[in-house]
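# Survey of secondary and tertiary structure
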Amino acid sequence: MKRFTASFFALPTAVLLLLSGCGNAVKEYEAVDTAMGTVVTQKLYTEGDNVTGDVERLLSDLEKTKLSRRIAGSEVAKLNANAGTGTYTEVSGELAETLQELSGIYEDSDGALDVSIGALVSLWDIDAHAQESYEDAGEQPDGTGGKTEGYHLPGEAEIKEALSYSGFSKIERKDNSFLLPEGMVLDLGAVGKGLACDDILAWLEEQAEVKAAVISVGGSILTYGEKPDGTAFKVAVTDPFDTGTYRGYLTLTGNWFVSTSGDYERFVEVDGKRYHHILNPATGYPAESGVKSVTILSKNGMISDALSTACFVLGEEKGRLLAEKYGVEALFILEDGNISMTEGMQEYFTEQTK
Ligand code: ADP
Ligand code: MG
């Protein structure tokens, strides 16, 4: 009996050794697609099949079922549809948790990040105009500005009215049910891509055959695992003054989230003035805080995306304080071309010499 037990346990070890001796080759797959209104690029290192299509499906499901305010039936669309009706809308536990976190960031950023400014975002309509121009020009949304023709620049009175509907703290909550006041429109555009990266990481962690990945969803990037050749990931930081080039790069190993918010991503130009897509909820106008872009490095995708937007609105000084409060690293490219970063960021960032 004893002998039997010994050989019984010896067998799986031998099989395992044999398997690892054969060693499944790690293959590299790349994909470029669009989802969530932005470009998605993937690089996967896997011993299994090409699963880039699964990642794309995960993103379009997230958009359809949860985050899009334009797709009727998504959780956010339902919340918006019930604004001002007195009817609470029950949402998934995950979205309830996200809204709770967003409430905290709203408070901690003094309202600089306010996902309840959907009416104001619609009024400015910068995303749509910036995108129309890409389509007209047959280009990818890579930072080219929008056309001015047909663009209606909002007036003071319209801005004031749109702002009167916003204010995250006006949202009522009962368990996982939420009630928005009349006219309020939730727009999770500032955090959607980071949330998507969080979901992708959770999914990748269940795919034992996937060894490493670098996935970018617009301005939010996820690095995962360890590349087969053992080298680190290099994540470029765009030069906001020359968007086809890089100002530097982050050297990362393992799982990280990097989000960048910049005034060059989506904008329209009217009479030579640039109106970009990151709005200051305090003024109702595109934020002017002395920064051209903010890059956040974090262990949480939603936080990295939320704080890149919030820090862009707040500017360098207050932005740094917010980054410190959340334990993330931040890099600001300032309007005068200088770079300012948290102490911890220096370990990861290398400036590109031009
Ligand atoms: P991107 O979507 O280009 O990565 P951001 O993450 O900075 O950029 O998010 C910008 C989007 O968030 C805008 O297109 C708009 O939908 C929304 N938004 C703009 N300003 C704010 C703000 N102050 N707070 C919350 N959401 C905002
Ligand atoms: Mg953001």
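Residues numbered from 1 in each chain as written. Chains lettered and ligands numbered in written order. Predicted model: local features only at pLDDT ≥ 70, side-chain atom pairs only at ≥ 80, totals over all residues. Heavy atoms only, no water.

### Things to note about the overall build of the protein chain
Of regular secondary structure, the protein chain possesses 10 helices and 16 strands. For the protein chain, with 354 residues in total, the buried portion stands at 49%. Across the protein chain, the fraction of contacts at a sequence separation of at least 24, relative to all contacts at a separation of at least 6, is 61%. Here the protein chain has roughly 17,200 Å² of accessible surface; of this, 49% comes from carbon and sulfur atoms. (Helix = DSSP H or I, 4+ residues; strand = E, 2+ residues; numbered from the N terminus. Buried < 20%, exposed > 50% of the residue type's maximum accessible area, 1.4 Å probe, protein only. Contact = heavy atoms within 4.5 Å. Areas by Shrake-Rupley, 256 points an atom, 1.4 Å probe, with all protein chains shown as cover.)

### Brief notes about the coordination of the magnesium ion (ligand 2)
The coordination sphere of the magnesium ion (ligand 2) contains the protein donors Ala190 (O), Asp305 (O), Asp305 (OD) and Thr309 (OG1), at a distance range of 2.1 to 2.5 Å. Donor residues binding the magnesium ion (ligand 2) come from one chain and are separated in sequence as A-x114-D-x3-T. Here Ala190 is found in the loop between strand E5 (177–179) and helix H8 (192–204), whereas its partner Thr309 is found in helix H9 (residues 301–314), with 119 residues between them in sequence. Ala190 gets classed as buried once you look at its relative accessible area, which sits at 19%. (Donors = N, O, S within 2.8 Å, 3.2 Å for Na, K, Ca; no water.)

### Here we look at the nonpolar core
Judged by nonpolar contacts, the single largest core of 65 residues is most densely connected at Leu102, Leu186, Ile200, Leu204 and Ile215. When residues of this core are assigned to their parent elements, the largest contribution, 8 residues, is made by H9. With sequence-adjacent residues up to four places away left out, Ile215 is seen in contact with Val40, Thr41, Gln42, Leu44, Val55, Ile200, Leu204, Ser220, Ile221 and Leu222. (Core = buried A, V, L, I, M, F, W, Y, C linked by side-chain atoms within 4.5 Å.)

### Remarks on the side chain of Thr260
By the element assignment, Thr260 lies in strand E10 (residues 256–262). Polar contacts involving the side chain of Thr260 include one to the side chain of Thr295, which spans 2.9 Å. Excluding its chain neighbours within four sequence positions, the residues that come into contact with Thr260 are Gly219, Glu265, Ser293, Val294, Thr295 and Ser308. (Polar contact = N/O pair within 3.5 Å; in protein donor to acceptor, adjacent residues only side chain to side chain.)

### A look at the sheet that holds strand E15 (residues 339–341)
Spatial ordering of the open sheet is given by E1-E2-E6-E7-E10-E13-E14-E15, a layout of 8 strands whose pairing is antiparallel. Each end of this open sheet is capped by a strand with a single partner; those strands are strand E1 (27–35) and E15. Recorded for the sheet is a direction-independent mean angle of 10° between the axes of neighbouring strands. As judged from the 4 bridges shared by strand E7 (residues 220–225) and E10, these two strands associate in the antiparallel manner. From the neighbouring strand, Leu222 faces E10, where its bridge partner is Phe257. Packed on one face of the sheet, H8 meets strand E2 (38–46), strand E6 (210–217), E7 and E10 and runs near 15° to E7. (Pairing = 2+ DSSP bridges. Axes fitted to C-alpha atoms, helices over the stretch in contact; angles between N-to-C directions.)

### A word on the site of ligand 1
Surveying the vicinity of ligand 1 reveals 21 residues, the closest of which are Lys193, Ser261, His277, Leu279 and Thr309. Here an oxygen atom of ligand 1 sits 3.1 Å away from a polar atom, N or O, in the main chain of Ala190. When ligand 1 sits alone it has 570 Å² of accessible area, and the protein chains cover 97% of it. Among the elements that take part in the shell around ligand 1, H9 stands out by supplying 3 residues, more than any other. (Near = heavy atom within 4 Å.)

### Examining helix H2 (residues 52–67)
Here H2 spans 21 Å end to end across 16 residues, near enough to the 22 Å set by a 1.5 Å rise per residue. Buried within H2 are the following residues: Thr52, Val55, Glu56, Leu58, Leu59, Leu62, Lys66 and Leu67. Buried residues of H2, seen end-on, are gathered within an arc of 155° and therefore sit on one face of the element. Each element contacted by the buried residues of H2 is listed here: E1, E2, helix H3 (75–81), helix H4 (93–108), H8 and E6. (Expected span 1.5 Å × (residues − 1). Arc of directions from axis to C-beta.)

### Details of the packing of aromatic side chains
Using the criterion set out here, one finds 4 aromatic pairs in the structure. Summarising the aromatic geometry, the rings of Tyr106 and Phe168 are spaced 6.1 Å apart at their centres and angled 40° between planes, so their arrangement reads as tilted. Linking Tyr106 in helix H4 with Phe168 in the loop between helix H7 (156–164) and strand E4 (172–174), this pair joins segments that are 62 residues apart in sequence. The same class applies to Tyr106 as to Phe168, namely buried. Here the aromatic rings of Trp256 and Tyr348 are separated by 5.4 Å at their centres, their planes lie at 65°, and the arrangement is edge-to-face. Of this pair, Trp256 sits in strand E10 while Tyr348 sits in the loop between E15 and strand E16 (349–351), placing them 92 residues apart in sequence. A single burial state applies to Trp256 and to Tyr348, both of which are buried. Feature note: the residues Trp124, Tyr275 and Tyr285 constitute an aromatic cluster, connected by ring pairs. For Arg274, the ring lying beneath its charged end belongs to Phe267, and the centroid distance is 3.9 Å. (Phe/Tyr/Trp six-rings, centres within 6.5 Å; stacked < 30°, edge-to-face > 60°. Lys NZ or Arg CZ within 6 Å of the ring centre and 35° of its normal.)

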